[in-house]
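# Reading the structure
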Amino acid sequence: MNRHVHGILSLLLLAAAAVTATVAILASSVVFAALYIVGVLLSCLVLIYSVCMKCPCRDTDCGHIIPGKLTRYFPQREPGPYTFADKTGIVVPVVFFIVFPQYWLLMQPFFMYVFVALCLIAAADLQFFVCRGCTNCFCPFHQGTSDTR
């Protein structure tokens, strides 16, 4: 499989993790489940703005395909090194995605195991397949330009 297939796969795995967390939260609170969904969607927008908009390959070779296409709808940003604000725009959404549902996931171990497994598989897929071969030399996860397509 090429890195674009893995890019879509990793997004689907993360979406499945978000659905798993949402289902766990729904067992206790519709309001907090809705807050989580809204938070995840806003986090996606923040990640696209913070990471994808500064990526020099967003228009030509985005490993995830979808975020690269969505950058067309954001204000233009010049590719370049990531600033502290950009890095904060990476950390805060990821922490929200993982930490917010922990209370409900810990109350339901099955959902916790599924959530953790999906997140770890997605992270491994990103690291070993999607990031590999990416030409964004500014990215903190940049591994060089070896091609695994």
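Right, let's walk through the structure included here. (Residues numbered from 1 in each chain as written. Predicted model: local features only at pLDDT ≥ 70, side-chain atom pairs only at ≥ 80, totals over all residues. Heavy atoms only, no water.)

## A closer look at the pattern of salt bridges
Enumeration according to the criterion identifies 2 salt bridges in this entry. The shortest N-O distance in the salt bridge between D86 and K54 comes to 3.1 Å. On the criterion of sequence distance, the pair formed by D86 in helix α4 (residues 84–99) and K54 in the loop between α2 (30–50) and α3 (66–70) is long-range, its members being 32 residues apart. Considered together, D86 and K54 belong to a single accessibility category, that of buried residues. The salt bridge partner of R77 is D86, with a shortest N-O separation of 2.8 Å. Taken as a pair, R77 and D86 share a single burial class, namely buried. (Salt bridge = Lys/Arg side-chain N within 4 Å of Asp/Glu carboxyl O. Helix = DSSP H or I, 4+ residues; strand = E, 2+ residues; numbered from the N terminus. Buried < 20%, exposed > 50% of the residue type's maximum accessible area, 1.4 Å probe, protein only.)

## Structural notes on the nonpolar core
In this structure, A17, I25, Y36, F97, L105, F115 and C119 are the most contacted members of the largest nonpolar core, which totals 17 residues. The leading source of residues in this core is helix α1 (residues 3–26), at 6 residues. C55, C57, C134 and C139 belong to the second largest nonpolar core, which has 5 residues in total. (Core = buried A, V, L, I, M, F, W, Y, C linked by side-chain atoms within 4.5 Å.)

## Remarks on the packing of α2 against α4
It is the contact of α2 with α4, at a shortest axis distance of 9 Å, that shows an interaxial angle of 155°. Taken together, the axes of α2 and α4 are roughly antiparallel relative to one another. α2 and α4 meet at a crossing whose hand is left-handed. Taking contact as the criterion, the partners of L35, Y36, G39, V40, S43, V46, L47 and S50 in α2 are, on α4, D86, G89, I90, P93, F96 and F97. In the contact of α2 with α4, the residues fall into 9 nonpolar, 4 polar and 1 charged. (Axes fitted to C-alpha atoms, helices over the stretch in contact; angles between N-to-C directions. Parallel < 35°, antiparallel > 145°, perpendicular 65-115°, else oblique. Left-handed = near helix turned anticlockwise from the far one by under 90°. Contact = heavy atoms within 4.5 Å. Nonpolar A, V, L, I, M, F, W, Y, C, P; charged D, E, K, R; others polar.)

## So, the packing of aromatic side chains
Within the structure shown, the criterion is met by 10 aromatic pairs. Look at Y36 and F100: their rings are 5.7 Å apart centre to centre, the planes differ by 10°, and that puts the pair in the stacked class. In this pair, Y36 is assigned in helix α2 and F100 in the loop between α4 and α5 (102–107), connecting sequence segments 64 residues apart. With relative accessibility at 24%, the residue F100 sits in the partly exposed group. Aromatic side chains Y103 and W104 sit 5.3 Å apart centroid to centroid with 85° between the ring planes, which places their arrangement in the edge-to-face category. Relative accessible area serves as the criterion here: at 8%, W104 is assigned to the buried category. Sitting above the plane of the Y49 ring, R77 keeps its charged end 4.4 Å from the centroid. (Phe/Tyr/Trp six-rings, centres within 6.5 Å; stacked < 30°, edge-to-face > 60°. Lys NZ or Arg CZ within 6 Å of the ring centre and 35° of its normal.)

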